[in-house]
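Summary of structural features
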Amino acid sequence: MIDIGLSKMALIGAVALIVIGPEKLPRVARTVGTLLGKAQRYVADVKAEVNRSMELDELRKMKDTVESAARDVHQSVQTHASDFQKEWESSIHGTGDASAAGSDGAAVVPAYKHPGKNWRLKRGATPQWYKARAGVRTKAQSGAARVARFRPQKFH
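This write-up is about the structure you can find in this document. (Residues numbered from 1 in each chain as written. Predicted model: local features only at pLDDT ≥ 70, side-chain atom pairs only at ≥ 80, totals over all residues. Heavy atoms only, no water.)

**Regarding the layout of surface pockets**
Filter applied, for reference: Residues are called lining when one of their atoms sits within 4 Å of a cavity or pocket point, these points coming from a 1 Å grid over the protein atoms alone, where a cavity is a set in which a 1.4 Å probe fits but cannot get out and a pocket is an open set with protein on both sides within 12 Å along at least five of seven lines. Grid points are joined across faces, edges and corners, and a volume is the space filled by probe spheres set on the points. The helix count covers DSSP runs of H or I at least four residues long, the strand count covers runs of E at least two residues long, and both are numbered beginning at the N terminus. The residue classification treats Ala, Val, Leu, Ile, Met, Phe, Trp, Tyr, Cys and Pro as nonpolar and Asp, Glu, Lys and Arg as charged. All others, Gly included, are polar.
Looking at the largest pocket, its volume works out to about 210 Å³. As for the largest pocket, its lining consists of Met9, Ile12, Gly13, Ala16, Ile20, Leu25, Val28, Ala29, Val32 and Leu36. Broken down by secondary-structure element, the contributors of at least two residues to the lining of the largest pocket are α1 (6–20) and α2 (25–94). Its residues assigned to classes, the lining of the largest pocket shows nine nonpolar, one polar and no charged.

This is the structure:
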């Protein structure tokens, strides 16, 4: 910036006092101050706009790198999945024995079996008396029914 010391400011003030006069000097000083303030705000706005554009460029570059990395990961997952599918199909069709294969040589896939009505409940070889003693749930109950069951009773 401009290097203005106290002596230079005094010299400029004296010249302005002589040229402009003491009556108009305060109004001119006010005008010059407002113009300098507007100029400083304009410079600050330009700096902020330049910084914003630089950050936007950096964000675009970062976005491009993230997108390319995601694309690479997606391609590698797809290639590994297709390789796995090929190996799976070759192992099913290539190594199946005659008893497991159908008449055309294709492997027989077992039909889907629904897990049953209460598939969320614990099942196993545990005896019913042990489940009752240990407090294992054997019947499904909704959340509202469970809350109503364990709600304290009101005494009348």
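**Some thoughts on α1**
Spelled out, the test is: By this rule the span expected of a helix is its residue count minus one, scaled by 1.5 Å.
Between its first and last C-alpha atoms α1 spans 21 Å; for 15 residues at 1.5 Å apiece the expected length is 21 Å, and the two agree. Count one or two residues on from α1 and you reach Gly21, which has phi positive near 105 degrees.

**Details of the pattern of salt bridges**
Keep this limit in mind: Put simply, a salt bridge is a Lys or Arg side-chain nitrogen that is within 4 Å of an Asp or Glu carboxyl oxygen.
Inspection of the entire model under this criterion finds three salt bridges. Note that Arg60 and Asp57 form a salt bridge whose closest N and O atoms lie 3.9 Å from each other. Placement of the pair is Arg60 and Asp57 together in helix α2, with a separation of three residues, close to one helical turn. The partner of Glu67 in a salt bridge is Lys63, and the shortest N-O contact between them spans 3.9 Å. In this pair, Glu67 and Lys63 are both assigned in helix α2, four residues apart and thus about one turn of the helix distant.

So far we have only geometry, and geometry alone does not tell us how the molecule works.
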